[in-house]
Amino acid sequence: MHEHQRDLVGYGAEPPLAAWPGGARVAVSLVLNYEEGGEQNVLDGDATSEGFLHELIGAPPVVGGRDLNVEAMFAYGSRAGFWRIHRTLAAHNAPVTVYAVAQALERNPDAARAMAAAGWEVAGHGWRWIDYRHVSVETERADIARSVSTIERLVGRRPVGWYTGRTSPHTRRLVAEHGGFLYDSDDYSDDLPFYVEAAGRPHLVLPYSLDANDFKFLLVHGFTTADDMLSYLVDAFDTLHAEGADRPRMMSIGMHGRIIGRPGRIRALDGFLRHVAQRGGAWVTTRERIARHWLATHPPLR
């Protein structure tokens with residue numbers, strides 16, 4: 001149960017019965033990472049430009065200066081890609097959880113209002129889109145608090161979920177100590193939620209996914225075309241759907257406005273949602289609803 005103790009066993013051969021609503025075989029969680037405007041930039045006091053998850057794969061960051069090409073690629077995500085994803089999700093009436101970098105959200109209040117109007121869940125994703133291994137505990141604690149208050153102000157509701165991504169050894173404890181969170185998703189180790197101990201009490205973890213994730217378009221030997229990602233998502237869903245006849249599972253899908261929001265990639269999302277609707281047996285929902293269901297159906301042992 002300890003937050004940093006390695007558990008290589010998990011649920012083993014007999015995972016719990018998830019008992020998803022409606023007898024669903026798979027709980028499908030769509031996640032939009034909203035980061036554009038929170039990345040590294042010397043205008044925000046950083047030592048370099050952003051060097052991670054952009055189209056110029058392998059290009060080193062600019063030390064002490066701006067990379068205007070990279071800045072423009074990130075801006076595409078907030079200016080155009082976000083709205084293309086928004087339209088696609090609306091067309092399918094599909095709920096989503098947003099991992100929102102608070103500074104990025106603050107710089108595009110129209111996007112924040114659109115998230116709120118659509119009824120999307122907005123979870124915390126840090127104040128900046130940075131590696132929190134490289135900041136002090138005090139800074140990370142303050143950033144969590146600032147993220148919560150900013151999201152609440154912009155969206156009208158405080159976040160109940162958290163995902164840093166590039167965590168420090170203190171992240172989970174600080175999230176639990178801050179309080180008010182149902183779950184965090186800084187984990188990739190299972191197909192079902194589980195509990196750990198954080199800040200001296202049981203804490204729910206909803207595992208996330210970096211395999212069913214559009215960031216693989218920006219990796220060497222990752223996805224190249226929309227068909228690559230669509231095929232992978234369909235294969236993953238169909239496997240979990242088959243397993244879910246006996247033991248229902250959870251599937252997480254990660255997206256970014258600057259990546260799958262591009263016109264040559266959005267078909268992966270549209271096609272996957274069409275496949276899920278045709279196949280049936282899925283509960284497409286937010287991570288908050290999954291967490292509330294798990295807490296009620298499988299409460300922690302005390």
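Going along each chain's sequence as written, the residues are numbered from 1 onward. Predicted model: local features are reported for residues with pLDDT of at least 70 only, side-chain atom pairs are reported and counted for 80 or more only, and whole-chain, interface and lining totals are derived from all residues. Heavy atoms throughout the structure, all of them, feed into the side-chain values; hydrogens and water do not.

1. A closer look at the packing of helix 6 (residues 226-243) against helix 7 (residues 267-279)
The test is simple: With axes taken as lines fitted to C-alpha atoms, and helix axes fitted only over the stretch in contact, angles between N-to-C directions fall between 0 and 180 degrees. In this text, helices come from DSSP runs of H or I with a minimum length of four residues, and strands from runs of E with a minimum of two, each type numbered from the N-terminal end. For classification purposes, an angle smaller than 35 degrees is called roughly parallel, one larger than 145 roughly antiparallel, one from 65 to 115 roughly perpendicular, and anything else oblique. Should the near helix be turned counterclockwise from the far one by less than a right angle, the crossing is left-handed, whereas a clockwise turn marks it as right-handed. We call two residues in contact when some of their heavy atoms are within 4.5 Å. Throughout this entry, Asp, Glu, Lys and Arg are counted as charged residues, while Ala, Val, Leu, Ile, Met, Phe, Trp, Tyr, Cys and Pro are counted as nonpolar. The remaining residues, Gly among them, count as polar.
It is the contact of helix 6 with helix 7, at a shortest axis distance of 8 Å, that shows an interaxial angle of 25°. In terms of orientation, helix 6 and helix 7 fall into the roughly parallel class. Relative to helix 7, helix 6 is oriented so that their crossing is right-handed. Contacts between helix 6 and helix 7 involve Ala226, Asp227, Met229, Leu230, Leu233, Val234, Phe237, Asp238 and His241 on the former and, on the latter, Arg267, Ala268, Gly271, Phe272, His275, Val276 and Arg279. Among the residues forming the contact of helix 6 with helix 7, the class breakdown is nine nonpolar, three polar and four charged.

2. Observations regarding the environment of Gly81
Here Gly81 is to be found in helix 1 (residues 68-92). With 182 residues separating them along the chain, Gly81 and Pro263 place their C-alpha atoms 8.3 Å apart.

3. Some words on the UniProt feature "domain: NodB homology" (unreviewed entry) in the protein chain
Rules: UniProt positions are given in the numbering used here, feature names are shortened, and annotations may be inferred rather than shown by experiment.
The positions that UniProt labels "domain: NodB homology" (unreviewed entry) are, in the present scheme, residues 68-285. In this annotation, residues 68-285 is assigned 45% helix and 16% strand; the end-to-end C-alpha distance for the span is 37 Å.

4. What about the packing of aromatic side chains?
The following threshold applies: Each Phe, Tyr or Trp ring, with Trp reduced to its six-membered ring, pairs with another whose centre is within 6.5 Å; inter-plane angles below 30 degrees give stacked pairs, above 60 give edge-to-face pairs, and intermediate values give tilted ones. Relative accessibility decides the category of a residue: with a 1.4 Å probe and only protein chains considered, values under 20% of the type maximum give buried, values over 50% give exposed, and everything between is partly exposed.
Applying the stated criterion across every chain, the model contains 15 aromatic pairs. For the pair Tyr99 and Tyr208, a centre-to-centre distance of 5.1 Å together with 70° between the ring planes defines the contact as edge-to-face. You can see Tyr99 sitting in strand 2 (residues 97-100) and its partner Tyr208 sitting in the loop between strand 7 (201-205) and helix 6, a full 109 residues away along the chain. In this structure, Tyr99 and Tyr208 share a single accessibility class: buried. Note on Phe217 and Phe223: the rings are 5.5 Å apart at their centroids and 65° apart in plane angle, and the pair reads as edge-to-face. With respect to class, Phe217 is no different from Phe223; both count as buried. Of the aromatic side chains, those joined through ring pairs into one cluster are Tyr34, Phe82, Trp83 and Trp120.

5. What to know about the nonpolar core
Put simply, the rule reads: The term nonpolar core refers to a set of buried residues drawn from Ala, Val, Leu, Ile, Met, Phe, Trp, Tyr and Cys, joined through side-chain atoms within 4.5 Å.
In terms of nonpolar packing, the biggest core is built from 52 residues, with Leu30, Leu105, Ile253 and Phe272 touching the most fellow members. The leading source of residues in this core is helix 6, at eight residues. Aside from chain neighbours lying at most four places away, what touches Leu30 is Leu89, Ala94, Pro95, Val96, Thr97, Ile253, Met255, Leu269, Leu273, Val284 and Thr285. Among the nonpolar cores identified, the runner-up in size contains 21 residues, and Val160, Tyr183, Tyr195 and Tyr208 belong to it.

6. Description of the side chain of His298
Cut-off, in case you're wondering: Polar contacts, as used here, are pairs of N or O atoms within 3.5 Å; protein pairs need one atom able to donate a hydrogen and one able to accept it. Residues neighboring in sequence count only if both atoms are side-chain atoms.
Looking at the element boundaries, His298 is found in the segment after helix 8 (287-297). Within the structure, His298 has its side chain in polar contact with the backbone oxygen of Leu17 (distance 2.7 Å). Not counting the four nearest positions on each side in its chain, His298 is found in contact with Pro16, Leu17, Ala18, Tyr195 and His293.

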